[in-house]
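Overview (structure and organization)
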Amino acid sequence: MANVAGWLVAFVVSFAGHYTLTFRHQKAPLLQALRRFFMVSAAGFAINEVAYAWLLHATRIRYDILLALILLGIAVMTFFLGRFWAFRQRRT
């Protein structure tokens, strides 16, 4: 439950920052960007949870190194999905 609560807080902060700063030049409609970024963020959260739990048991990689690698991968994935899909303005 703590992970879900933390993710929801991070989602709100991340969305606000991306929408108003990082990707503001893309001028995506608010509700479209919110809906799409929620999907991106939820997928990232799920991949993070599953990958970390599975890889902790399946490999001998130290937990801190593994966590750093997964978080870096999720951050890259989130950025590119945000840039090229979630915050992209609909074409008319």
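It should be noted that the structure appears before, not after, this text.
Quick summary incoming for the structure in this document. Predicted model, so just to flag it, every value in this text is computed and none were measured.

1. Brief notes about the packing of aromatic side chains
One pass over the full model with this rule turns up 15 aromatic pairs. Centroid distance F11 to F15: 6.2 Å. Interplanar angle 25 degrees. Geometry classified as stacked. Taken as a pair, F11 and F15 lie in helix α1 (residues 2-22) at a separation of 4 residues, close to a single helical turn. Look at F15 and you get buried, because its relative accessible area is 9%. Relative to F79, the ring of F23 has its centre 5.6 Å away and its plane inclined at 40 degrees; by these criteria the two rings are tilted. Within this pair, whereas F23 is found in the loop between α1 and α2 (30-58), its partner F79 is found in helix α3 (residues 63-86), the two being separated by 56 residues in sequence. According to the relative accessible area criterion, F23 is buried, its value standing at 3%. Owing to a relative accessible area of 38%, F79 belongs among the partly exposed residues under this scheme.

2. Things to note about the side chain of Q26
By the element assignment, Q26 lies in the loop between α1 and α2. Overall, Q26 belongs to the buried group, its relative accessible area being 10%. Side-chain polar atoms of Q26 contact the backbone oxygen of R83, separated by 3.0 Å. Excluding residues within four positions of it along the chain, Q26 makes contact with R83, F87, R88 and Q89.

3. Considerations on the pattern of salt bridges
Summed over all chains, the structure comprises 1 salt bridge. The partner of R62 in a salt bridge is D64, with the nearest N and O atoms 2.6 Å apart. R62 sits in the exposed class, given a relative accessible area of 52%.

4. Describing unusual backbone geometry
Positive phi, close to 50 degrees, is recorded for K27, a residue that is not glycine. If you trace the backbone, K27 turns up in the loop between α1 and α2. The exposed category is assigned to K27, whose relative accessible area is 59%.

5. Here's the deal with the nonpolar core
What tends to happen in soluble globular proteins is that the nonpolar side chains get buried as a cluster. Formed by F11, F15, F23, A28, A33, F37, V40, A86 and F87, the largest nonpolar core amounts to 9 residues. If you look at the next biggest cluster of nonpolar residues, it comprises 5 residues, including A51, L66, I70 and I74.

Rules behind the numbers
Residues numbered from 1 in each chain as written. Predicted model: local features only at pLDDT ≥ 70, side-chain atom pairs only at ≥ 80, totals over all residues. Heavy atoms only, no water. Phe/Tyr/Trp six-rings, centres within 6.5 Å; stacked < 30°, edge-to-face > 60°. Helix = DSSP H or I, 4+ residues; strand = E, 2+ residues; numbered from the N terminus. Buried < 20%, exposed > 50% of the residue type's maximum accessible area, 1.4 Å probe, protein only. Polar contact = N/O pair within 3.5 Å; in protein donor to acceptor, adjacent residues only side chain to side chain. Contact = heavy atoms within 4.5 Å. Salt bridge = Lys/Arg side-chain N within 4 Å of Asp/Glu carboxyl O. Core = buried A, V, L, I, M, F, W, Y, C linked by side-chain atoms within 4.5 Å.

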